[in-house]
Amino acid sequence: MIIGVLKDALPERRVALLPENIKMLVARKAKVVLESGAGTEAFATDSEFTEAGAEVLAREQVIDKADLLVLVGEPELSLIKQLKKGQVWLSEYKPLWNKNLVKEFQKAGITSFSMDAVPRTTRAQAMDVLSSMATIAGYKSVLEAANHLPSFFPMFISAAGTIRPANVLILGAGVAGLQAIAIARKLGAQVEAFDVRSAVKEEVMSLGARFVEVEGATEDAAAGGYAVEQSEAYKRKQQEAINRHAAKANVVICTAQIPGRKAPLLISKDVVASMQPGSVIIDLASSTGGNCELSEDNKLVVKHGVSIIGQSNYAAQMPKDASKMFGKNVSNFLELLIDEEGNLKLDFDDEIVRGTCITHEGELINERIKSVID
């Protein structure tokens with residue numbers, strides 16, 4: 001099998017596979033071709049890829065030669081039209097959100113896999129790009145908030161007086177939220193966290209944060225650890241609690257998302273108006289509508305003296321380690337698609353392979369995608 005690694009368009013700076021991953025694939029008897037410059041933004045040179053065993057080619061040659069193509073994010077529709085029927089595609093293309101891409105892959109007869117569809121099972125943890133990238137998002141979001149906040153995170157007591165610590169509110173205690181809690185605590189802030197999932201309370205408290213609890217949340221074990229849609233009565237109680245705590249916060253970091261749906265609105269424009277001037281909101285859900293009503297994806301806006309930063313791809317701002325984590329997840333998944341002779345193996349009896357596959361031979365494979373595609 002020939003695996004082709006394509007270069008993502010800016011502002012994406014990650015590369016799907018690094019030289020260290022190429023060595024593993026070559027050891028499994030697969031061949032690897034790479035678009036020239038694919039790793040440049042992630043500080044991996046063409047010569048390093050060549051030394052690892054890859055052949056560096058022009059983009060058109062990679063597309064033409066590869067049996068399986070790998071990219072980090074969503075492809076352009078024009079790129080899908082260049083693919084050959086029967087080719088295999090692998091990237092994190094968010095099929096629940098980008099339904100047009102799913103239909104195009106289906107129409108073109110492409111076997112497409114999306115890394116964000118990897119099942120939430122113990123065996124699949126080593127392939128979980130969502131958790132890997134969320135770790136980076138949580139880390140970077142706190143650092144950016146600290147840079148924009150016009151005051152300190154930690155308490156200071158000196159001859160010049162006492163500086164009180166910043167109050168940080170984290171909305172959503174998944175991987176990104178927990179990482180944000182850990183970093184904010186390390187910087188000396190007082191941290192509160194809210195999540196509809198009561199199961200995360202212990203984790204929040206173990207990191208030194210206070211858990212903001214609202215009774216009556218709907219939970220679903222079948223959701224794979226993700227939050228689910230809540231009742232209107234619960235949403236009202238939730239909103240009242242968030243409003244109170246946000247008004248006292250210097251920093252609010254929003255991480256709440258529901259796969260395939262618009263992000264829940266947690267910070268209204270009225271809440272923003274009630275916050276202290278100089279406060280900072282970081283919205284990690286801005287690409288799916290945002291947790292803050294005033295967020296704009298990949299933009300900084302200032303309203304009522306509050307800086308609102310919509311940023312849905314912090315991983316691209318830390319491309320070296322992000323590529324290392326993403327590449328390891330991808331290479332672990334690719335091992336399931338390579339047989340002992342280095343040939344392509346599509347084993348749909350494997351729950352991870354079947355769960356991650358979105359389209360195959362013109363058919364929809366993923367059950368969840370079937371339920372949302374018209």
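Residues numbered from 1 in each chain as written. Predicted model: local features only at pLDDT ≥ 70, side-chain atom pairs only at ≥ 80, totals over all residues. Heavy atoms only, no water.

Q: Before we go on, may I ask you to explain helix 5 (residues 99-108) in this structure?
A: Since there are 3.6 residues in each turn of an α-helix, residues three or four apart along the chain are aligned in direction. Among the residues making up helix 5, those that are buried are Leu-101, Val-102, Glu-104 and Phe-105. For helix 5, the angular spread of the buried residues around the axis is 165°, confining them to a single face. Contacts from the buried residues of helix 5 go to helix 4 (77-82), strand 5 (88-91), strand 6 (111-114), strand 16 (357-360), strand 17 (363-364) and helix 13 (367-370). Looking at the residues trailing helix 5, positive phi occurs at Gly-109, about 75°. (Buried < 20%, exposed > 50% of the residue type's maximum accessible area, 1.4 Å probe, protein only. Helix = DSSP H or I, 4+ residues; strand = E, 2+ residues; numbered from the N terminus. Arc of directions from axis to C-beta. Contact = heavy atoms within 4.5 Å.)

Q: What should I look at first to understand the environment of Lys-262 in this one?
A: Among the structural elements, Lys-262 can be located in the loop between strand 12 (251-254) and helix 10 (269-274). When its relative accessible area of 55% is taken as the criterion, Lys-262 is described as exposed. Separated by 165 residues in sequence, Lys-262 and Trp-97 have C-alpha atoms that sit 9.0 Å apart. For Lys-262, the residues in contact, after removing those within four places along its chain, are Trp-97, Thr-288 and Gly-289.

Q: For this particular structure, what's the right way to read the pattern of salt bridges?
A: Note on pairing: side chains with opposite charge can pair once their charged atoms come close. Counted by the stated rule, this structure contains 18 salt bridges. Between Glu-20 and Lys-324 there is a salt bridge, and its shortest N-O distance comes to 3.1 Å. Note that Glu-20 is positioned in helix 1 (residues 19-27) and Lys-324 in helix 11 (residues 319-334), a separation of 304 residues in sequence. According to the relative accessible area criterion, Glu-20 is partly exposed, its value standing at 42%. A salt bridge links Glu-213 to Lys-201; the shortest N-O distance between them is 3.0 Å. With Glu-213 in the loop between strand 11 (210-212) and helix 9 (232-248) and Lys-201 in helix 8 (residues 201-206), this residue pair connects regions lying 12 residues apart in the sequence. According to the relative accessible area criterion, Glu-213 is partly exposed, its value standing at 46%. Overall, the relative accessible area of 29% leaves Lys-201 in the partly exposed class. (Salt bridge = Lys/Arg side-chain N within 4 Å of Asp/Glu carboxyl O.)

Q: So what exactly am I meant to see when it comes to helix 1 here?
A: Taken residue by residue, helix 1 has Pro-19, Asn-21, Ile-22 and Leu-25 as its buried positions. Down the axis of helix 1, the smallest arc covering the buried residues is 150°, so these residues share one side. For helix 1, the exposed residues lying more than 90 degrees away from the buried face are Lys-23 and Ala-27. Buried residues along helix 1 sit in contact with strand 1 (2-5), strand 2 (31-35), helix 2 (46-52) and helix 11. Taken from the residues just after helix 1, Lys-29 is the one with a positive phi, measuring 75°.

Q: Is there a simple way to explain the sheet that holds strand 6 in this structure?
A: Consider a sheet: its strands pair through backbone hydrogen bonds, and that pairing is either parallel or antiparallel. Within the open sheet, the 8 strands sit side by side as 3-2-1-4-5-6-16-17. Their pairing is mixed. Looking at which strands have only one partner, the edges of the open sheet turn out to be strand 3 (55-57) and strand 17. Sheet analysis places strand 6 next to strand 16, joined by 2 bridges and oriented antiparallel. Residue pairing for strand 16: Phe-113 is matched across the bridge by Cys-357. Contacts from helix 5 reach strand 5, strand 6, strand 16 and strand 17, with the element oriented near 35° to strand 16. (Pairing = 2+ DSSP bridges. Axes fitted to C-alpha atoms, helices over the stretch in contact; angles between N-to-C directions.)

Q: Where do I start with a nonpolar patch on the surface in this structure?
A: Judged by side-chain polarity, Phe-152, Phe-156 and Ile-163 come together as a nonpolar surface patch covering roughly 270 Å² of accessible area. Phe-152 sits in the partly exposed class, given a relative accessible area of 45%. (Patch = residues over 30% accessible without salt bridge, like charges linked within 9 Å, V, L, I, M, F, W, Y side chains within 5 Å. Areas by Shrake-Rupley, 256 points an atom, 1.4 Å probe, with all protein chains shown as cover.)

Q: Sorry, what's going on with unusual backbone geometry here?
A: Across the chain, the bulk of peptide bonds are trans and the bulk of non-glycine residues have phi less than zero. Of note, the amide linkage connecting Leu-10 to Pro-11 takes the cis form, showing an omega dihedral of 15°. Within the fold, Pro-11 resides in the loop between strand 1 and helix 1. Of note, the phi angle at Lys-29 is positive, near 75°, even though the residue is not glycine. Positionally, Lys-29 belongs in the loop between helix 1 and strand 2.

Q: For this particular structure, what's the right way to read the packing of aromatic side chains?
A: The way to describe two aromatic rings as a pair is by their centre distance and the angle between their planes. Counted according to the given criterion, the structure contains 4 aromatic pairs. Between Trp-89 and Phe-105 the ring centres are 5.9 Å apart and the planes differ by 40°, which places this aromatic pair in the tilted class. Of the two residues, Trp-89 is situated in strand 5 and Phe-105 in helix 5; the sequence distance between them amounts to 16 residues. Its relative accessible area of 0% is what places Trp-89 among the buried residues. Judged by its relative accessible area of 0%, Phe-105 falls in the buried class. Here a set of aromatic residues connected by ring pairs shows up, and it is made of Trp-89, Tyr-93 and Phe-105. (Phe/Tyr/Trp six-rings, centres within 6.5 Å; stacked < 30°, edge-to-face > 60°.)

Q: What exactly am I supposed to notice about the environment of Gln-190 here?
A: Residue position: Gln-190 is located in strand 10 (residues 190-194). Separated by 135 residues in the primary sequence, Gln-190 and Met-325 have C-alpha atoms spaced 30 Å apart. In contact with Gln-190, not counting residues within four places along its chain, are Pro-165, Ala-166, Asn-167 and Val-168.

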